[in-house]
Amino acid sequence: MDLKLDFKGKTVLVTGATRGIGAAIANDFYQTGANLLLTGTNMEEINELNRSCGEKSRRRYLQVDFSEDRSLENFLSVIDNYNRIDICVNNAGVNRIDPINDTTMEDYNFITKINCHAPFAICRKVSRLMINQNHGRIINISSIWGIITKKKRSIYSLTKSAIVGFTKALSVDLAPYNILVNAVSPGFTMTELTKSTNTETEILNIAEQIPLKRLAQPEEIAKVVLFLSSDLNTYITGQNIAVDGGFTIV
Ligand code: NAP
């Protein structure tokens, strides 16, 4: 039995792939042979990444800002030009931390557009291609805050729970077409997002509360995403896999 991950010849879309968990996922897919369509928000950075990858690279970066309707529409029309997409990872996500009375509708619109609206629209688009192929894998990145919650997470938890519900419903719609749809819920992971939303002392305190006594590295989340996306996964669909060092079970 060959248990190696091999994505040679597969076309993989990963949103929010310029840093953190998305970059680790993109890197693992690249190392295992995939052709990649990747997104980030900063045009200069995207140009630089495309330049450094070279014209014949299996990686193509696109600038997309999911908080802007026109940018999302443009991106959806790029997907239209693809003949096939084998794997779609909706990873891009944002968080703003405030008690409910300090949140604004602007916060709500911003976070829901990026964390929910964009993954929904992208899944609608790629699922058409996947239905035609009679094959596909979709992974939506949720969060431990979609399973449990804590203070000041009202909008974030709303979006991350929603993406789990959406994942379940989508998996049922797409099951007849050999398309498996799952969510992955990272626990605390050492990325820019974590550093910007927690102080150093908070990070040390968090590690103490995790059964494995440490935060995750982005690569530890990526490995699970790759397994679920691979042909090794033939029977897991509609699930939300927590990759959290045991945080949500204590
Ligand atoms: P990150 O380091 O902040 O990276 C976020 C990615 O999303 C970047 O590539 C960023 O692109 C992109 N992005 C940000 N705003 C965007 C927008 N308006 N439109 C399109 N893309 C946008 O985040 P991360 O920590 O790796 O998190 C990745 C995913 O895991 C998110 O869905 C997050 O909610 C989830 N998660 C993270 C943790 C954690 O501890 N880090 C825990 C649970 C769940 P630019 O950098 O180019 O702006």
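The notes below deal with the structure included here. (Residues numbered from 1 in each chain as written. Predicted model: local features only at pLDDT ≥ 70, side-chain atom pairs only at ≥ 80, totals over all residues. Heavy atoms only, no water.)

1. Here we look at the overall build of the protein chain
Here comes step 1: For the protein chain, the helix and strand inventory stands at eight helices and seven strands.
Here comes step 2: Relative to the 2.2 N^0.38 estimate, which gives 18 Å for 250 residues, the radius of gyration of the protein chain is 17 Å and therefore close to what a compact globule would have.
Here comes step 3: Reported as C-alpha extents along the three principal axes, the dimensions of the protein chain are approximately 45 × 45 × 35 Å.
Here comes step 4: Residues classed as buried in the protein chain amount to 49% of the 250 residues present.
Here comes step 5: For the protein chain, restricting intrachain contacts to residue pairs at least 6 apart in sequence, the fraction spanning at least 24 positions comes to 72%.
Here comes step 6: Carbon and sulfur atoms make up 51% of the accessible area of the protein chain, which totals about 12,600 Å². (Helix = DSSP H or I, 4+ residues; strand = E, 2+ residues; numbered from the N terminus. Rg over C-alpha atoms; globule rule 2.2 N^0.38 Å. Buried < 20%, exposed > 50% of the residue type's maximum accessible area, 1.4 Å probe, protein only. Contact = heavy atoms within 4.5 Å. Areas by Shrake-Rupley, 256 points an atom, 1.4 Å probe, with all protein chains shown as cover.)

2. A look at the sheet that holds strand β1 (residues 11–14)
Here comes step 1: Across the sheet, which stays open at both edges, the seven strands sit in the order β3-β2-β1-β4-β5-β6-β7 with parallel pairing between neighbours. The open sheet has two edge strands with one neighbour each: β3 (59–63) and β7 (240–243). If you compare each strand with its neighbour and ignore which way they point, the axes differ by 15° on average.
Here comes step 2: When strand β5 (residues 136–141) meets strand β6 (residues 179–186), the two strands line up parallel, connected through six bridges. (Pairing = 2+ DSSP bridges. Axes fitted to C-alpha atoms, helices over the stretch in contact; angles between N-to-C directions.)

3. Comments concerning the site of the ligand
Here comes step 1: Near the ligand there are 31 residues, and of these Arg19, Thr41, Asn91, Tyr156 and Thr191 occur at the shortest range.
Here comes step 2: At 2.8 Å from an oxygen atom of the ligand is found a main-chain nitrogen or oxygen belonging to Ile21.
Here comes step 3: Measuring from an oxygen atom of the ligand, one finds a side-chain N or O atom of Lys160 at 2.9 Å.
Here comes step 4: Burial of the ligand by the protein amounts to 91% of the accessible area it has alone, namely 890 Å².
Here comes step 5: Residue assignment for the shell around the ligand shows that the elements contributing at least two residues are α1 (20–31), α5 (154–174) and α6 (192–197). (Near = heavy atom within 4 Å. Polar contact = N/O pair within 3.5 Å; in protein donor to acceptor, adjacent residues only side chain to side chain.)

4. Brief notes about the environment of Val12
Here comes step 1: With respect to the helices and strands, Val12 occurs in strand β1.
Here comes step 2: Between the C-alpha atom of Val12 and that of Ile87, which follows or precedes it by 75 residues, the distance is 4.7 Å.
Here comes step 3: Each residue touching Val12, except ones within four places of it in the same chain, is listed here: Phe29, Ala34, Asn35, Leu36, Leu37 and Ile87.

5. What about helix α3 (residues 69–80)?
Here comes step 1: The first and last C-alpha atoms of α3 sit 17 Å apart over 12 residues, in line with the 16 Å expected at 1.5 Å per residue.
Here comes step 2: Here α3 has its buried residues at Ser71, Leu72, Phe75, Leu76, Val78 and Ile79. Across the axial projection of α3, the buried residues extend over an arc of 155°, all falling on one side.
Here comes step 3: Where α3 is buried, its residues touch β1, β2 (35–40), β3 and α4 (105–133). (Expected span 1.5 Å × (residues − 1). Arc of directions from axis to C-beta.)

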